[in-house]
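# Observations on chain architecture
The lines below spell out each chain.
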There are 2 protein chains.
Amino acid sequence: MARAWCLTSRPRGLPTPDNFALRDIPDAPLADGQLRVRNRWLSVDPYMRARMNDAKSYAASFQIDQPMTGGAIGEVIESRLDGFAPGDIILHMGGWREGGAIGLELMPRKLPQAALQSGMSPQTFLHNMGLTGGTAWIGLLRIAAAKPGDTIFVSAAAGAVGSAVVQIAKAREMTVIGSAGGAEKCEWVRELGADAAIDYKAGPVLDQLAAALRTLEKPGIDVYFDNVGGEHLDAAFATANDFARFAICGMIDVYNDGRAQEMKYLIRAIPARIRMEGFIYTDQFTDCVDEFYADMGGLIASGAVTMRETVQDGIAAAPEAFLGLFSGDNIGKMLVRL
Amino acid sequence: MARAWCLTSRPRGLPTPDNFALRDIPDAPLADGQLRVRNRWLSVDPYMRARMNDAKSYAASFQIDQPMTGGAIGEVIESRLDGFAPGDIILHMGGWREGGAIGLELMPRKLPQAALQSGMSPQTFLHNMGLTGGTAWIGLLRIAAAKPGDTIFVSAAAGAVGSAVVQIAKAREMTVIGSAGGAEKCEWVRELGADAAIDYKAGPVLDQLAAALRTLEKPGIDVYFDNVGGEHLDAAFATANDFARFAICGMIDVYNDGRAQEMKYLIRAIPARIRMEGFIYTDQFTDCVDEFYADMGGLIASGAVTMRETVQDGIAAAPEAFLGLFSGDNIGKMLVRL
């Protein structure tokens, strides 16, 4: 018997604990092509909010009263799937649960032995070597085509994706301005190497961004890595250099309320010839996974890229860990440890 | 003596005739490297509004009490510039005036003899073979990478740029939905070959665009060619197919008032992986002028691309011709004939 979190009703606006229920999932014999897994780490990520809607989105919606899915690290207990054996540590999408039977539809992948033997912790594949680090790497280097010497602005810079962006950019000799909420997070963003950190709770983003650019003696930004939308995105349009590139990764500001975004500086897309592009990690990942593992693995091994983990313990804590993403509870990657 | 329109004060919001004055420019001996030209056709274009501001923009601002500039077709009267002789018909940027001395800074270029001998009217180089047609061709085919089978949405489809977009797209076997203001313009957009025309004055753009897509049995748009911004741009975000491309050419809706644009569907940039890119004709033109002349010349010669001209006569009419662009007075290209 393993327990799994199910979505019991579709949230309107910010989800609440009432939208979720922890249910017992009876064990059943494994079918051919399935693994039985015991999960050790579960990932909670902002993109999951979109899957709680019924609306057409990039990911299939979670079904009511079915276990939710998401990134997880687990150990194989029993295998009827070629290439997997008991004891294997795998990354898969059967998260939000203690474990159970999973098939290829949940994308099991063995963690590289070399990485584990080098001392990399398995949950790194839920952040810097996985979804959030991959999103940072793809968005910064592929979508925004950031290059040494560029000035980078990144929002939610103390989050899992943003903190990876800051560090990858610094390792590539870019100038980095990160935005985060509160003094503690800003301090960490600076510790990660950012040239400036602005606290969006302390005043208008545009004023602070413009002041940081003046201090750094930079005329504007070449790249904006967007995790939040809204005021930050508008400030990026306001301060963009000619031919700036915006990688649009998330808009957590408006995930829950769906309100219109007031874009006063969007018109600068024309005179500054700004290219803005939305992207999703999974579109690109297969193409570049080897390059990403090699590059990011090297950055992690050298200490150039690190991660702070905010850890909640026990399967019962998963919804509150998830909800904490929207109230800014996490520094770095929010994880649930089983 | 030739007369020229000077900007006498910077407009706030919509310009008025009081912002302009027609002044006498005394003749002076030509310097080396100059031409004396008598203008025959002047172009007025929405982008000129931005040059009337003092603000940093992509084009140098017009100077107060100096002749404004813009596209013009003229005849060379006297030449001290190699490669030009009296009688040559040239395209140049010394518009807003009857004529006078111009140098290389105003980019004189002889019209191709072959085109004139084939019966193409000289002012075609102020629209389909020039700024507006080139903007349409570059934006549609290069920036948005539109291809046969794509569904195209274009705003201001009865304007000079938009009407060229409609026709180029139809010549390339795309499905086209054009938006224009009023029944007469919509009728012309349909005559140009658009599969559907929507009248933005008759109701919400999004409702009408969604209805047109249903009628055409298309799930959404692959390309948006934006001339107006605002409600049209938001409707494009709302209806974009995955991997849609938006070529942002103009935002005439907000040129004059600078208000914030309310973007309710901008967030779809992420799930639909939309790429939005602002562009300027002059960045791209040098690279592709030969291909553009060959391709567009062929489309014009075959009758696949035509243009309606809205003509005002006499130098005195130039400001009202320009102001008419913002009240929707023109169908097709607005020109001043001298």
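Note that the structure is a prediction, hence the values are computed from the model and not measured.

In this section: the overall build of chain A. Counting secondary structure elements, chain A contains 10 helices and 16 strands. Scaling as 2.2 N^0.38, a compact globule of 338 residues should have a C-alpha radius of gyration of about 20 Å, and chain A matches this with 20 Å. C-alpha atoms of chain A, sized along the principal axes, occupy 65 × 45 × 35 Å. In chain A, buried positions account for 58% of the 338 residues. A fraction of 66% describes how many contacts in chain A between residues 6 or more apart in sequence connect residues 24 or more apart. Only carbon and sulfur atoms are counted for the fraction: they give 50% of the accessible area of chain A, which is about 13300 Å². Taking the average place of the 32 positive charges on the side chains of chain A and the average place of its 40 negative ones, the gap between the two points comes to 2 Å.

Note on the identical chains: chain B maps onto chain A by a rotation of 180° and an axial translation of 0.0 Å, with an RMSD of 0.0 Å. The two molecules are tied by a two-fold rotation axis, judged by turn and shift. A symmetric contact is evident, with 100% of the interface residues of chain B recurring at the interface of chain A.

Our focus in this paragraph is the interface of chain B and chain A. With 33 residues of chain B in contact, the opposing surface of chain A contributes 33 residues. Taking both partners together, chain B and chain A bury about 2800 Å²; carbon and sulfur atoms supply 63% of that area. On inspection of chain B and its partner chain A, the count reaches two salt bridges. Residues Arg 273 of chain A and Asp 283 of chain B are paired through a salt bridge, measuring 2.6 Å at the closest nitrogen-oxygen approach.

With that settled, consider the side chain of Thr 310 of chain A. Residue and element names in this part refer to chain A. In this structure, Thr 310 sits in strand β15 (residues 309–313). Side-chain polar atoms of Thr 310 contact the backbone oxygen of Ile 331, separated by 2.8 Å. The residues contacting Thr 310, other than those within four sequence positions of it, are Asp 329, Asn 330, Ile 331, Lys 333, Met 334 and Leu 335.

A few words on the nonpolar core. With 56 residues, the main nonpolar core has Phe 237 and Phe 246 of chain A together with Phe 237 and Phe 246 of chain B as its most contacted residues. Those residues in contact with Phe 246 of chain A that lie beyond four places of it in its chain are Ile 221, Tyr 224, Leu 233, Ala 236, Phe 237, Ala 240, Ile 274, Arg 275, Met 276 and Glu 277 of chain A.

All names here are of chain B. Inspection of every chain in the model, using the stated rule, returns 28 aromatic pairs over all chains. For the ring pair Phe 153 and Tyr 224, a centre distance of 5.0 Å and an interplane angle of 25° mean the geometry is stacked. In this pair, Phe 153 is assigned in strand β8 (residues 151–154) and Tyr 224 in strand β11 (residues 221–226), connecting sequence segments 71 residues apart. Under the relative-accessibility criterion, Tyr 224 is labelled buried at 0%.

It is worth spelling out the pattern of salt bridges at this point. All names here are of chain A. Throughout the structure, instances matching the rule amount to 38 salt bridges over all chains. We note a salt bridge from Arg 36 to Glu 78, for which the minimum N-O separation is 3.1 Å. Linking Arg 36 in strand β3 (residues 35–43) with Glu 78 in strand β4 (residues 72–79), this pair joins segments that are 42 residues apart in sequence. The network of salt bridges with common partners includes Lys 147, Asp 150 and Arg 245.

A separate point is the environment of Arg 337 of chain B. Along the chain, Arg 337 of chain B falls in strand β16 (residues 333–337). Setting aside residues up to four positions removed in sequence, Arg 337 of chain B forms contacts with Arg 40, Trp 41, Val 311, Gln 312, Asp 313 and Gly 314 of chain B.

It is worth spelling out the packing of helix α3 (residues 131–143) of chain B against helix α4 (residues 160–171) of chain B at this point. Residue and element names in this part refer to chain B. Between α3 and α4, the shortest axis-to-axis distance is 8 Å and the interhelical angle comes to 50°. Between α3 and α4, the crossing angle belongs to the class labelled oblique. In this structure, α3 meets α4 at a crossing whose hand is right-handed. In this structure, α3 contributes Thr 132, Gly 133, Thr 135, Ala 136, Trp 137, Leu 140 and Leu 141 to the contact, and α4 contributes Ala 160, Val 161, Ala 164, Val 165, Ile 168 and Ala 169. Residues belonging to the contact of α3 with α4 are distributed by class as follows: 10 nonpolar, three polar and no charged.

Turning our eyes to something else, we now look at the environment of Met 334 of chain B. All names here are of chain B. Relative to the assigned elements, Met 334 resides in strand β16. Sequence separation between Met 334 and Asp 45 is 289 residues; the distance between their C-alpha atoms is 7.7 Å. Excluding anything up to four places from it in sequence, Met 334 contacts Val 44, Thr 310, Gln 312, Ala 321, Gly 324, Leu 325 and Asp 329.

Residue and element names in this part refer to chain A. Taking 1.5 Å of rise per residue, 13 residues should cover 18 Å, yet helix α3 (residues 131–143) covers just 16 Å from first to last C-alpha, more than 12% shy of that figure. Of all the 13 residues making up α3, 10 are buried; the element is thus mostly covered by neighbouring parts of the structure. Inspection of α3 places Thr 132, Gly 133, Gly 134, Thr 135, Ala 136, Trp 137, Ile 138, Gly 139, Leu 140 and Ile 143 among the buried residues, and these make up the whole buried set. Backbone geometry just downstream of α3 places Ala 145 in the positive-phi region, at approximately 50°.

Another point: unusual backbone geometry. Residue and element names in this part refer to chain A. Phi at Ala 145 takes a positive value of approximately 50°, unusual for a residue other than glycine. Tracing the chain through its elements places Ala 145 in the loop between α3 and β8 (151–154). A residue is classified by how much of its surface remains accessible, and Ala 145, at 36% relative accessible area, is partly exposed.

In this section: the pairing of strand β10 (residues 196–199) of chain A. Residues and elements named next belong to chain A. Because side chains alternate across β10, one face comprises the buried residues Ala 196 and Ile 198, and the other comprises Ala 197 and Asp 199, equally buried. With four bridges joining them, strand β9 (residues 175–180) and β10 adopt parallel strand pairing. Each residue of the ladder has a partner; that of Ser 179, found in β10, is Ile 198. Handedness of the crossover is the feature at issue here: the chain leaves β9, passes through helix α5 (residues 183–191), returns alongside β10, and the resulting connection is right-handed.

Taken in spatial order, the 12 strands make up an open sheet running β10(A)-β9(A)-β8(A)-β11(A)-β12(A)-β14(A)-β14(B)-β12(B)-β11(B)-β8(B)-β9(B)-β10(B), and their pairing is mixed. A single partner strand is all that each edge strand has here, and the edge strands are β10 of chain A together with β10 (196–199) of chain B. With strand direction ignored, the average angle separating the axes of adjacent strands in the sheet is 15°. Here strand β12 (residues 240–248) of chain B runs beside strand β14 (residues 275–278) of chain B; their pairing, made up of four bridges, is parallel. Bridging across to β14 of chain B, Ala 247 of chain B finds its partner in Glu 277 of chain B.

The next thing to look at is the pairing of strand β5 (residues 89–92) of chain B. Residues and elements named next belong to chain B. Neither face of β5 is exposed, since Ile 89 and Leu 91 on one face and Ile 90 and His 92 on the opposite face are all buried. Bridge count for β5 against strand β7 (residues 109–110) is two bridges, and the pairing is antiparallel. Within the sheet, the bridge partner assigned to Ile 90 lies in β7 and is Lys 110.

Next up on the list: helix α5 (residues 183–191) of chain B. All names here are of chain B. Three or more residues of α5 are buried, namely Lys 185, Cys 186, Trp 188 and Val 189. Down the axis of α5, the smallest arc covering the buried residues is 160°, so these residues share one side. In α5, the exposed positions angled more than 90 degrees off the buried face are occupied by Ala 183, Glu 184 and Glu 191. Here the buried face of α5 lies against α4, β9 (175–180) and β10. Note on α5: the residue one or two positions beyond its end, Gly 193, has a positive phi of about 115°.

The rules behind these values
Every chain's residues receive numbers from 1 upward, in the order its sequence appears when written. By the order in which they are written, chains take letters starting at A while ligands take numbers starting at 1. Given that the model is predicted, a residue must reach a pLDDT of at least 70 before its local features are reported, and side-chain atom pairs must reach 80 or more before they are shown or counted; all residues, however, enter totals for whole chains, interfaces and linings. As a convention, hydrogens and water are excluded, and side-chain values are obtained from all of the structure's heavy atoms. Only runs of H or I of at least four residues qualify as helices and only runs of E of at least two qualify as strands under DSSP, and these elements are numbered from the N terminus. Just to be clear, the radius of gyration here is over C-alpha atoms, and the globule rule we use is 2.2 Å times residues to the power 0.38. Three labels apply to residues, based on accessible area from a 1.4 Å probe with only protein chains included: buried if under 20% of the type maximum, exposed if over 50%, partly exposed otherwise in between. Should any heavy atoms of two residues lie within 4.5 Å, those residues are counted as being in contact. Each accessible area is a Shrake-Rupley result for a 1.4 Å probe, and residues are judged covered by the shown protein chains and nothing else. When charges are counted, neither His nor the chain ends are considered; positive counts come from Lys and Arg and negative counts from Asp and Glu. Working definition for charges: the position is that of NZ of Lys, CZ of Arg, CG of Asp or CD of Glu. Our superposition of the copies is a least-squares fit, built on the C-alpha atoms of residues whose pLDDT is at least 70 in both. Simply put, the buried area is the total loss of 1.4 Å probe accessible area from both parts when two parts are fitted together. In what follows, salt bridge is the name for a side-chain nitrogen of Lys or Arg lying within 4 Å of a carboxyl oxygen of Asp or Glu. Under this definition, polar contacts are N or O atom pairs within 3.5 Å; protein pairs additionally need one hydrogen-donor-capable and one acceptor-capable atom, and for neighbouring residues in sequence, both atoms have to be side-chain atoms. Nonpolar core, defined: a set of buried Ala, Val, Leu, Ile, Met, Phe, Trp, Tyr and Cys residues in which side-chain atoms within 4.5 Å join the residues together. Here a Phe, Tyr or Trp ring, Trp counted by its six-membered ring, pairs with any other such ring whose centre lies within 6.5 Å, and the pair is stacked when the planes are under 30 degrees apart, edge-to-face when over 60, and tilted otherwise. All axes are obtained by fitting lines to C-alpha atoms, using only the stretch in contact for helices, and the reported angles, taken between N-to-C directions, cover 0 to 180 degrees. For classification, angles of less than 35 degrees are called roughly parallel, those exceeding 145 degrees roughly antiparallel, those between 65 and 115 degrees roughly perpendicular, and all remaining angles oblique. Here a crossing is called left-handed whenever its near helix is offset anticlockwise from the far helix by less than a right angle, and right-handed whenever the offset is clockwise. Under the grouping applied here, Gly and all other residues not named as nonpolar or charged are polar, the nonpolar ones being Ala, Val, Leu, Ile, Met, Phe, Trp, Tyr, Cys and Pro and the charged ones Asp, Glu, Lys and Arg. Each residue after the first adds 1.5 Å to the expected span of a helix. For two strands to be treated as a pair, DSSP must find at least two bridges joining them. By convention a crossover is right-handed if, when the strands point away from the viewer, the path from the first strand over the helix to the second runs clockwise. As used here, the arc is the angular range of directions from the helix axis to the C-beta atoms.

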